[in-house]
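# What the coordinates show
The chain contents come next:
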Amino acid sequence: MNSTPLLRSITSPADVKTLPSSQLKELCREIRITLLKYGHEHGGHIGSNLGMVEATVALHRVFDSPHDRIVFDVSHQSYVHKMLTGRALAYLEPEHFNEVTGFTNPDESEHDQFVLGHTGTSISLACGIAKTRNAETASNGTSGIGNVVAVIGDGSLSSGVAFEGLNNAAEQGGNLIIIFNDNEMSIAGDFGGMYGPLAKLRASGGTAQPNIFNAFGLDYRYVEAGNDVDALIAAFEEVRDINHPVVVHIHTLKGAGYEGEPVNGNASRPFQHTSTTDEAEGIVSTNNVLHSEPWHSDHCNLSDHEPHEGQCEASHWQNPDASLGRPEDPRKYYGKMAMAALEPRFASEPGLVVISPATPGSNGITHEFRERAGAHYVDTGITESHAVAFAAGIARAGGTPVVATTASFFQRAYDQFFQEMSLNRSRVTVLDFLGGLSGSDNTHSGAYDLAMFANIPQVTMLAPTSGRDFLDDLAWATLPAGAAGAPDGAVVIRVPGEGILAAERDSSLLPITGKHGTVRSDCTLDGMLAWRVNQQGSQVALLGLGNTYPLAERAAAALAERHGITATVIDPKQCTSLDTEALESLRKRHPLIITLEDGQLEGGWGEKITAYYANHWQRSAQDKPTARNPRVLNFGATKEFTDRVPLAELNDRYGLTVNSIMAAVTRCF
């Protein structure tokens, strides 16, 4: 029996408009069933979408997309929007699951305005669209753009750019509707001074002061029943075609309908700010049963509800059933390792602080660690720029800050890395998670982190190739200021990825160093920057940076087996500077040097080695270049965006395989 007949009949927003009002709640019920089932089978950002079911149905009931422009932020809240704009099968049928991304994408539909996977920008983007519409109207008396609607929330209001957008919206004037999805959550909890006044607004039905939106000069409306489709339709109809900017503050329940079941033996209970409950840290058991009567708005009075089981950190990102029982991914594995190393130091180092801009669980910073860390842990909310500047302030005062988040999110703090951190030689330690190639979507790729961090002056970027090296790097980077051998500026540590963790779990993937590896003995600046030669050979030198180092060992083993060549194998350990002594030592006996990196080649690390030899010819007595310059081949990623391409396929595409390296060697000899 088809359990979702209404949803399957929706091919465009026009179909939502023609449904009888009496069927809208049933449509919401079917969407919620679909989201819960989709979470089991595919995984994704389930919690925020469960909370946005009614609001999204109401948006497409009232507004006329794409004539009316709807900009979603964070666009991981857009699953329901996609269902209602012709893409329902991508959530209903497993064979279609991979036909859509987890974020809005104009390549998929005219109803999607931007590719957006980061936070806080929807108001600014909407201001730009509205500005153009206003200009067209002033010039021609009409425009092809109607209402402009920015949908923000799920913690993204704390982003600094969101405040800049609010400020601009009030100044610009004209039609601009800002839907603020207030679900009392971020990725984890919500943190920041704004949330107290927001709670007072909720408790007062939108009448309390101070009102942050009024303070910006914006009109304001409040909808307590943010999961009541009829109440939302009435509210949106009231502001449709409004002639000035307005904020519609809707109180929703994140994860409405989700019921978390035990995870590794621990029940995932509701999120509460003051609780010490266990949490799933983003890995959700999906053994939970889909009840015949899923949650819907009639079951919940949001004015005085108890925390619902969906309103927990676990519901933010749900892994599919197929992932249950798998070993931890590198982010959690090495993140937990780092926190375990730092925690014993808290008692004797009052200035040691771990800072996470809203993404703790995915990086192994568990709820239990946060509780024990107390003041030594700060979640700044989704505020990467602030987090880095905040860390620089801690460092300036003599503290020891450690900032941890995902590589692609750090792009948002580029100016702070240059100014507050680097220019001021701030002793900040940055833990760069998910750096390098991965199968992530195009908004979360970490393939650009080497080109970014390694080219900032006065910053040391380390690329450890084992858990032991990772902890050594962390210990060195966080040495107290003035300690012997301590760095004199910021240190970025690229947290090891899949290639490293796989080799640690299977020593056969390291045919040269094996499970014992090599021990770093000199934890001074010179020692940290010196490259490590793990096998001395001739003819070919293989330099494997970070996550590609195990590939260098496997390629060396294949060279020995297939061609009788004992290659030199080097672990550079860092990508900040070149070990010129090591490079010069390779010149005479190595006509071929191969560099490996799992990042963008253009502007990356390998090109620097090519440039070094090109600019440092070995001169003869007649002051002419000789044949002693080796040929350098760089293996790494093309400058491109990739979207959900499996890591193995990316490695094959970029030649980061043993066979590709062997073929290159064969062509050169």
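Preceding this section is the structure that the text describes.
Residues numbered from 1 in each chain as written. Predicted model: local features only at pLDDT ≥ 70, side-chain atom pairs only at ≥ 80, totals over all residues. Heavy atoms only, no water.

Now for the overall build of the protein. The number of helices and strands found in the protein is 26 helices and 16 strands. Taken across its 669 residues, the protein has 58% of its residues classed as buried. Contacts in the protein between residues far apart in sequence, at least 24 positions, make up 78% of those at least 6 positions apart. Accessible surface computed for the protein: about 25,600 Å², of which carbon and sulfur atoms make up 51%. (Helix = DSSP H or I, 4+ residues; strand = E, 2+ residues; numbered from the N terminus. Buried < 20%, exposed > 50% of the residue type's maximum accessible area, 1.4 Å probe, protein only. Contact = heavy atoms within 4.5 Å. Areas by Shrake-Rupley, 256 points an atom, 1.4 Å probe, with all protein chains shown as cover.)

On to the nonpolar core, then. In this structure, Leu27, Ile31, Val57, Ile177, Ile179 and Phe236 are the most contacted members of the largest nonpolar core, which totals 50 residues. In terms of residues, this core owes the most to one element, helix 3 (residues 24–41), which gives seven residues. Among all residues touching isoleucine 177, those that are not within four sequence positions of it are Phe63, Asn147, Val148, Val149, Ala150, Val239, Arg240, Ile242, Val246 and Val248. In this structure, Val403, Phe417, Met452 and Ala490 belong to the second largest nonpolar core, which totals 39 residues. (Core = buried A, V, L, I, M, F, W, Y, C linked by side-chain atoms within 4.5 Å.)

Residues Thr568 and Ile570 point to one face of strand 14 (residues 568–571) and Val569 and Asp571 to the other, with burial holding for every one of them. Taken together, the three bridges between strand 12 (residues 532–535) and strand 14 define a ladder with antiparallel strand orientation. Along strand 14, the bridge assignment pairs glutamine 535 with valine 569. For strand 13 (residues 540–544) and strand 14, the ladder comprises three bridges, and the chain directions are parallel. Each residue of the ladder has a partner; that of leucine 543, found in strand 14, is isoleucine 570. You can see the chain leave strand 13, run along helix 22 (residues 549–563) and come back into strand 14, and the turn it takes is right-handed. (Pairing = 2+ DSSP bridges. Right-handed = clockwise from strand over helix to strand, strands pointing away.)

What follows is about helix 3. Between its terminal C-alpha atoms helix 3 stretches 26 Å, which fits the 26 Å expected from 18 residues at 1.5 Å a residue. A large share of helix 3 lies buried, amounting to 14 of its 18 residues. Glycine 43 sits one or two positions beyond helix 3 and adopts a positive phi of about 85°. (Expected span 1.5 Å × (residues − 1).)

Positionally, threonine 56 belongs in helix 5 (residues 53–62). For threonine 56, a relative accessible area of 0% gives the class buried. Setting aside chain neighbours within four positions, we find threonine 56 in contact with Phe72, Val80, His81 and Leu84.

Inspection of the secondary structure assignment puts asparagine 534 in strand 12. When its relative accessible area of 17% is taken as the criterion, asparagine 534 is described as buried. Engagement of the side chain of asparagine 534 in a polar contact is seen with the side chain of tyrosine 549, the distance being 2.7 Å. (Polar contact = N/O pair within 3.5 Å; in protein donor to acceptor, adjacent residues only side chain to side chain.)

Read across the open sheet, the five strands follow the order 12-14-13-15-16; overall the sheet is mixed. Single-partner strands in this sheet number two, and they are strand 12 and strand 16 (631–637). Shown here is a sheet whose adjacent strand axes are inclined to one another by a mean of 25°, direction ignored. Taken together, the six bridges between strand 15 (residues 592–600) and strand 16 define a ladder with parallel strand orientation. Its bridge partner lying in strand 16, leucine 592 is registered against arginine 631. Across the face of the sheet, helix 22 comes into contact with strand 12, strand 13, strand 14 and strand 15 while running at roughly 160° to strand 13. On top of the sheet, helix 24 (residues 606–615) reaches strand 13, strand 15 and strand 16; it is set at about 165° to strand 16, its chief contact. (Axes fitted to C-alpha atoms, helices over the stretch in contact; angles between N-to-C directions.)

In this section: the packing of aromatic side chains. As enumerated under the stated definition, the model contains 18 aromatic pairs in all. Arranged with centres 5.9 Å apart and planes meeting at 75°, the rings of tyrosine 448 and phenylalanine 641 form a pair that is edge-to-face. Taken together, the residues tyrosine 448 in the loop between strand 9 (429–433) and helix 18 (449–453) and phenylalanine 641 in the loop between strand 16 and helix 25 (647–653) connect sequence positions 193 residues apart. A relative accessible area of 17% places tyrosine 448 in the buried class. Phenylalanine 641 gets classed as exposed once you look at its relative accessible area, which sits at 65%. An aromatic cluster of at least three residues, connected via ring pairs, comprises Tyr38, Tyr79, Tyr91 and Phe97. In this structure, arginine 505 is placed above the aromatic ring of tyrosine 333, and the distance from its NZ or CZ to the ring centre is 5.3 Å. (Phe/Tyr/Trp six-rings, centres within 6.5 Å; stacked < 30°, edge-to-face > 60°. Lys NZ or Arg CZ within 6 Å of the ring centre and 35° of its normal.)

Attention now moves to the sheet that holds strand 3 (residues 176–182). On the basis of which strands lie adjacent, the open sheet formed by five strands has the order 1-2-3-5-4 and parallel pairing. Pairing within the sheet leaves two strands with one partner each, and these edge strands are strand 1 (69–72) and strand 4 (219–223). Strand-to-strand, the axes of this sheet are offset by a mean angle of 20°, without reference to chain direction. Sheet topology places strand 4 next to strand 5 (residues 245–251); five bridges connect them, and they run parallel. Its bridge partner being in strand 5, tyrosine 222 is matched across the sheet by histidine 249. Those strands touched by helix 5 are strand 1, strand 2 (148–153), strand 3 and strand 5, and its axis lies near 160° from that of strand 1.

Moving on to helix 15 (residues 384–396). Here helix 15 is 13 residues long and its end C-alpha atoms lie 18 Å apart, about the 18 Å a rise of 1.5 Å per residue gives. Among all positions in helix 15, only Glu384, Ala387, Val388, Ala391, Ala392, Ile394 and Ala395 are buried. One side of helix 15 carries all its buried residues, which in axial view fall inside an arc of 160°. Those residues of helix 15 that are buried are in contact with strand 6 (352–356), strand 8 (400–406), helix 16 (407–410) and helix 17 (414–423). Where helix 15 ends, the next residue or the one after it, glycine 398, has phi of about 100°, a positive value. (Arc of directions from axis to C-beta.)

Between helix 5 and helix 6 (residues 79–87), the least distance of the axes is 9 Å, while the angle of their chain directions is 40°. Regarding the angle of helix 5 to helix 6, the classification is oblique. Between helix 5 and helix 6 lies a crossing whose hand is right-handed. Residues Val53, Thr56, Val57 and His60 of helix 5 pack against Val80, His81, Leu84 and Thr85 of helix 6. Here the contact of helix 5 with helix 6 is composed, by residue class, of four nonpolar, four polar and no charged. (Parallel < 35°, antiparallel > 145°, perpendicular 65-115°, else oblique. Left-handed = near helix turned anticlockwise from the far one by under 90°. Nonpolar A, V, L, I, M, F, W, Y, C, P; charged D, E, K, R; others polar.)

Bringing the packing of helix 5 against helix 12 (residues 229–239) into the picture now. The interhelical angle for the contact between helix 5 and helix 12, taken along N-to-C directions, is 45°, at an axis separation of 9 Å. As far as their axial angle goes, helix 12 and helix 5 are oblique. Two packed elements cross with a definite hand, and for helix 5 against helix 12 that hand is right-handed. Only Val229, Leu232, Ile233, Phe236 and Glu237 of helix 12 make contact with helix 5, whose side of the interface consists of Glu54, Ala55, Val57, Ala58, Leu59, Arg61 and Val62. When its residues are assigned to classes, the contact of helix 5 with helix 12 shows nine nonpolar, no polar and three charged.

Along strand 2, six of the six residues are buried, which leaves the element largely enclosed by surrounding structure. Along strand 2, one buried face is formed by Val148, Ala150 and Ile152 and the opposite face, lined by Val149, Val151 and Gly153, is buried too. Where strand 1 and strand 2 come together, four bridges link them in parallel fashion. Bridge pairing in strand 2 links phenylalanine 72 to valine 151. Examined bridge by bridge, strand 2 and strand 3 share five bridges and lie parallel to one another. Bridged to valine 149 within strand 3 is isoleucine 177. The parallel pair strand 2 and strand 3, bridged by helix 9 (residues 160–172), forms a crossover whose chirality is right-handed.

That is the geometry; function is a separate question.
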